[in-house]
Amino acid sequence: MEFNNLPKNAIIREVCPRDGFQSVKEFIPTEKKIEFINAMLATGVKEMEITSFVSPKAIPQLADAKDVLPAVKAANPGVEFTALVPNLKGAEGALAAGADVLNIVFSCSESHNMANIRRTVEQSLAGMDDIIALARGKAKICVSMATSFMCPFEGRMDPERVKMLIGKVREKGVDIITLAETIGTCTPKDFTETLRVVKPALEGIPAYLHIHNTYGFAAMNVKCALDEGFNKFDSAIGGLGGCPFAPGAAGNAATEDLVYLMQSMGVETGLDPLKLVAVARSLKDYGLKTMGSLCASAFGKPKPEIPQQK
Ligand code: COA
Ligand code: ZN
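This write-up is about the structure you can find in this document. Remember, it's a predicted structure, so these values are computed and weren't measured experimentally. One numbering rule holds for all chains: residues counted from 1, following each sequence as written. To read the labels, note that chains go from A and ligands from 1, taken in the order they are written. Predicted model: local features are reported for residues with pLDDT of at least 70 only, side-chain atom pairs are reported and counted for 80 or more only, and whole-chain, interface and lining totals are derived from all residues. Processing note: side-chain calculations cover all non-hydrogen atoms of the structure and skip hydrogens and water entirely.

Examining the sheet that holds strand 9 (residues 207-211)
Right, so step 1: The criterion for strand pairing is that DSSP finds at least two bridges linking the strands in question. Helix and strand definitions follow DSSP, with helices as H or I runs of at least four residues and strands as E runs of at least two, each counted in order from the N terminus. As summarised here, the arrangement of the eight strands in space is 1-2-3-4-5-8-9-10, forming a closed barrel in which the pairing is parallel. Taking the axes of each pair of neighbouring strands and ignoring which way they run, one obtains an average angle of 25° across the sheet. In this description, a line fitted to the C-alpha atoms serves as the axis of each element, helices being fitted only across the stretch in contact, and the angle between N-to-C directions of two axes falls anywhere from 0 to 180 degrees.

Right, here's the structure in full:
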């Protein structure tokens, strides 16, 4: 059965090692991190946001970025590795460590941009120029626009503002744009509304969606995005994730859930949900817990009996 008019393929960029690990309090030893990341990649993941080159005071868990990236990259040829960078110093570190894509992050809302990277939006936009000049010819440039849908401090983001900011970012000649639902509270209706408003501004550039799952709407928002023709997503194995500078934000859409969902609708991701579930379940061996991953908690268990209508 042909199900609606969905894209035939989708790309998943695995973000567990960055977004998932960044708010884990207890430091995961570097060798353990590398071992777990290699296990994630063994499922066939072809794009991964592996770490952040940020201040170790802001994100202590990712202070080993310069060791993790080269070690994993050497063991996994053919995978595109993205590293989050907040400023020029981060970009220098990411390039030296061999990042294929620099992911420059800023927020659409002033208050979250200030809380997260201590810059006004204008300062962030201006600061991108140096990073782009440095990286030109060495790595692709992705710009992630946090709080594109909801802000923890300002509420619903005006879609017209997001569209305007996409225009400003595109003037700089970047390669990829990511719109992030940073706090995971956007309803499918509002999510769709924003996508419809901004879609014309994204014509001709790969556009990823990064969706958190605080209210449990992530999978629904992914389905809405597919309906609107979007087919590139960030997600995290085990549903891990959350921005430490966005109060109340829970984990990401779980990769295993998205892959299972998409497979059930005939949208090919090239990934095997069963292998992903196995890796998600192994999180506990690293002292980590899945967050809201339905497949990792229930896959393969007997189906519940549906009571007969009397
Ligand atoms: N990597 C490592 N260290 C960095 C750095 C980077 N990219 N950028 C700045 N630093 C260090 C500086 O060397 C300085 O160190 P010192 O105190 O030992 O001298 C310190 O951080 C402060 O530098 P400054 O330029 O004044 O930055 P800041 O205090 O205004 O912080 C950021 C700004 C962007 C560096 C910081 O807020 C940050 O790293 N944020 C990342 C947030 C994040 O990852 N959020 C989740 C993802 S959305
Ligand atoms: Zn996130």
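Let's talk about the coordination of the zinc ion (ligand 2)
Right, so step 1: Note on the zinc ion (ligand 2): its protein donors are D19 (OD), H210 (NE2) and H212 (NE2). The metal-donor distances range over 1.9 to 2.1 Å.
Right, so step 2: When the donors of the zinc ion (ligand 2) are listed by position in the chain, the intervening gaps give D-x190-H-x1-H. With D19 in helix 1 (residues 16-20) and H212 in the loop between strand 9 and helix 9 (218-227), this pair connects stretches of sequence that are 193 residues apart. A donor here means any N, O or S atom no more than 2.8 Å from the metal (3.2 Å for Na, K and Ca); water is not included, so a site may seem to lack partners.

Let's talk about the pattern of salt bridges
Right, so step 1: Salt bridge, as used here: a side-chain nitrogen of Lys or Arg that lies within 4 Å of a carboxyl oxygen of Asp or Glu. Using the criterion set out here, one finds 13 salt bridges in the structure.
Right, so step 2: Between D100 and K73 there is a salt bridge whose closest N-O contact spans 3.0 Å. On the criterion of sequence distance, the pair formed by D100 in the loop between helix 4 (88-97) and strand 4 (101-107) and K73 in helix 3 (residues 65-75) is long-range, its members being 27 residues apart.
Right, so step 3: Burial classes follow relative accessibility: with a 1.4 Å probe on protein chains only, a residue under 20% of its type's maximum area counts as buried, one over 50% as exposed, and anything between as partly exposed. Accessibility expressed as a relative area gives 28% for K73, which makes it partly exposed.
Right, so step 4: Salt bridges linked by common partners bring R18, D19 and E49 together as one network.

Topic: the side chain of E80
Right, so step 1: By the element assignment, E80 lies in strand 3 (residues 80-85).
Right, so step 2: Nitrogen and oxygen atoms within 3.5 Å of one another constitute a polar contact, given that in protein one can donate a hydrogen and the other can accept it, and given that sequence-neighbouring residues count only through two side-chain atoms. Only 2.8 Å separates the side chain of E80 from the side chain of K140, close enough to count as a polar contact.
Right, so step 3: Residues contacting E80, with those up to four places away along its chain left out, are K46, E47, M48, D100, V101 and K140. By definition, residues are in contact when any of their heavy atoms lie within 4.5 Å.

Quick word on the environment of D175
Right, so step 1: Inspection of the secondary structure assignment puts D175 in the loop between helix 7 (159-170) and strand 8 (176-181).
Right, so step 2: As a C-alpha pair, D175 and E14 span 161 residues in sequence and 18 Å in three-dimensional space.
Right, so step 3: Once residues within four sequence positions are removed from consideration, D175 is found in contact with K140, I141, I205 and P206.

Description of the site of ligand 1
Right, so step 1: We call a residue near a molecule or strand when any one of its heavy atoms sits within 4 Å of it. Taken together, 18 residues lie near ligand 1, and S55, K57, N87, N116 and R118 sit nearest.
Right, so step 2: The separation between a nitrogen atom of ligand 1 and a polar side-chain atom of N116 is 2.8 Å.
Right, so step 3: Computed by Shrake-Rupley with a 1.4 Å probe, the accessible areas treat only the displayed protein chains as cover when residues are assessed. Isolated, ligand 1 exposes 930 Å² of accessible area, and the fraction of that covered by the protein chains is 69%.

Some points on unusual backbone geometry
The bulk of non-glycine residues show a negative phi, and the bulk of peptide bonds are trans.
Right, so step 1: Even without being a glycine, R118 presents a positive backbone phi close to 55°.
Right, so step 2: The topology assignment puts R118 in the loop between helix 5 (110-117) and helix 6 (121-135).
Right, so step 3: Backbone geometry at T147 places phi at a positive 50°, although glycine is not the residue there.
Right, so step 4: Along the chain, the position of T147 falls in the loop between strand 5 (140-146) and strand 6 (150-151).

Regarding the pairing of strand 5
As a general feature of sheets, a regular strand has side chains that alternate between the two faces.
Right, so step 1: Buried residues dominate strand 5, accounting for six of its seven residues.
Right, so step 2: As paired strands, strand 4 and strand 5 are joined by seven bridges and run parallel to one another. Directly across from I104, in strand 5, lies its bridge partner V143.
Right, so step 3: By the bridge criterion, four bridges tie strand 5 to strand 8 in an arrangement that is parallel. Within strand 8, the position partnered with M145 by the bridge is L179.

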